Amino acid sequence: MEADLQIRSPTVEGTLTRAIDRYSKFIKLFKFYPGTMINARTDPAWTSVWIRFAQDYQVCNCWDCEAVLSVVTASLGSDTPIDTIQMAHSIQEEVAYYRAVEIARRKNRSRLPVRVEVA
Ligand SMILES: [Zn+2]
């Protein structure tokens, strides 16, 4: 997560929530397989998580994928279908802004980019 700079991502809350969920499921594996040494970085662990929880343990974690997951997760249970074109544009704009801010930070710019509402 640190390499992906998740702490500054536009979807840090959703990313952390999903990470906690994956970790909780990983911990539950010890209960399902007592006495077995499970390493999060080995294929059997990911396979076990996938089989037990119908979920992949290994995820991309890039800002774009996390933003898509956050939007899709937020829409679960809603009767309104996701407008995928609108979602893609919105995510692209959001992530681009956060990247611009990060680039400015790394260049030690005294002024960070500011969002401007377009009427
Ligand atoms: Zn990704």
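Residues numbered from 1 in each chain as written. Predicted model: local features only at pLDDT ≥ 70, side-chain atom pairs only at ≥ 80, totals over all residues.

**What about the overall build of the protein?**
Summing up its helical and strand segments, the protein has four helices and zero strands in all. In the protein, the order of α-helices and β-strands from amino to carboxyl end is α-α-α-α. Looking at the protein residue by residue over its 119 residues, the buried ones come to 9%. The long-range fraction of contacts in the protein, counting pairs at least 24 apart against all pairs at least 6 apart in sequence, stands at 49%. (Helix = DSSP H or I, 4+ residues; strand = E, 2+ residues; numbered from the N terminus. Buried ≥ 20, exposed ≤ 12 C-beta atoms within 10 Å, placed from the backbone. Contact = placed C-beta atoms within 7 Å.)

**Concerning the packing of helix 1 (residues 12-32) against helix 3 (residues 63-75)**
Packing of helix 1 against helix 3 brings their axes to within 9 Å, and their N-to-C directions diverge by 85°. On the basis of the axis angle, helix 1 is roughly perpendicular to helix 3. Residues G14, T15 and R18 of helix 1 form the contact with helix 3, whose own contacting residues are E66, L69, S70 and T73. Taken together, the residues that form the contact of helix 1 with helix 3 break down as one nonpolar, four polar and two charged. (Axes fitted to C-alpha atoms, helices over the stretch in contact; angles between N-to-C directions. Parallel < 35°, antiparallel > 145°, perpendicular 65-115°, else oblique. Nonpolar A, V, L, I, M, F, W, Y, C, P; charged D, E, K, R; others polar.)

**Let's talk about the packing of helix 3 against helix 4 (residues 84-106)**
For the pair helix 3 and helix 4, the least separation of the axes is 10 Å and the interaxial angle reads 135°. Here helix 4 runs oblique to helix 3, going by the angle between their axes. Here helix 3 runs over helix 4; the crossing is right-handed. Taken together, the residues of helix 4 that come into contact with helix 3 (itself represented by W63, D64, A67, V68 and V71) are M87, I91, E94, V95 and Y98. (Left-handed = near helix turned anticlockwise from the far one by under 90°.)

**Remarks on helix 3**
Compared with the 18 Å implied by 1.5 Å per residue over 13 residues, the 18 Å span of helix 3 between its first and last C-alpha is a close match. Residues of helix 3 that are buried: W63, E66, A67 and S70. Considered in projection along helix 3, the buried side chains sweep an arc of 105° and stay on one side of the axis. One or two positions beyond helix 3, positive phi appears at G77, with a value near 90°. (Expected span 1.5 Å × (residues − 1). Arc of directions from axis to C-beta.)

**Side note on the environment of Y98**
Structurally, the position occupied by Y98 is in helix 4. You can call Y98 partly exposed: it has 19 C-beta atoms within 10 Å.

**Focus: the confidence of the model for the protein**
The predicted model of the protein averages 84 in pLDDT, with 87% of residues at 70 or higher. Across the protein, helix 4 holds the top mean pLDDT of 94, while helix 2 (residues 43-53) sits lowest at 67. (pLDDT = per-residue confidence, 0-100.)

**A short note on the environment of T84**
Note that T84 resides in helix 4. Linking T84 and V72, residues 12 residues apart in sequence, is a C-alpha distance of 9.9 Å.

**So, unusual backbone geometry**
With a phi angle near 75°, N61 is a residue other than glycine that sits in the positive phi range. In this structure, N61 sits in the loop between helix 2 and helix 3. Here N61 falls in the partly exposed class, since 17 other C-beta atoms lie within 10 Å of it. Of note, N108 is a non-glycine position whose phi angle comes to about 55°, a positive value. If you trace the backbone, N108 turns up in the segment after helix 4.

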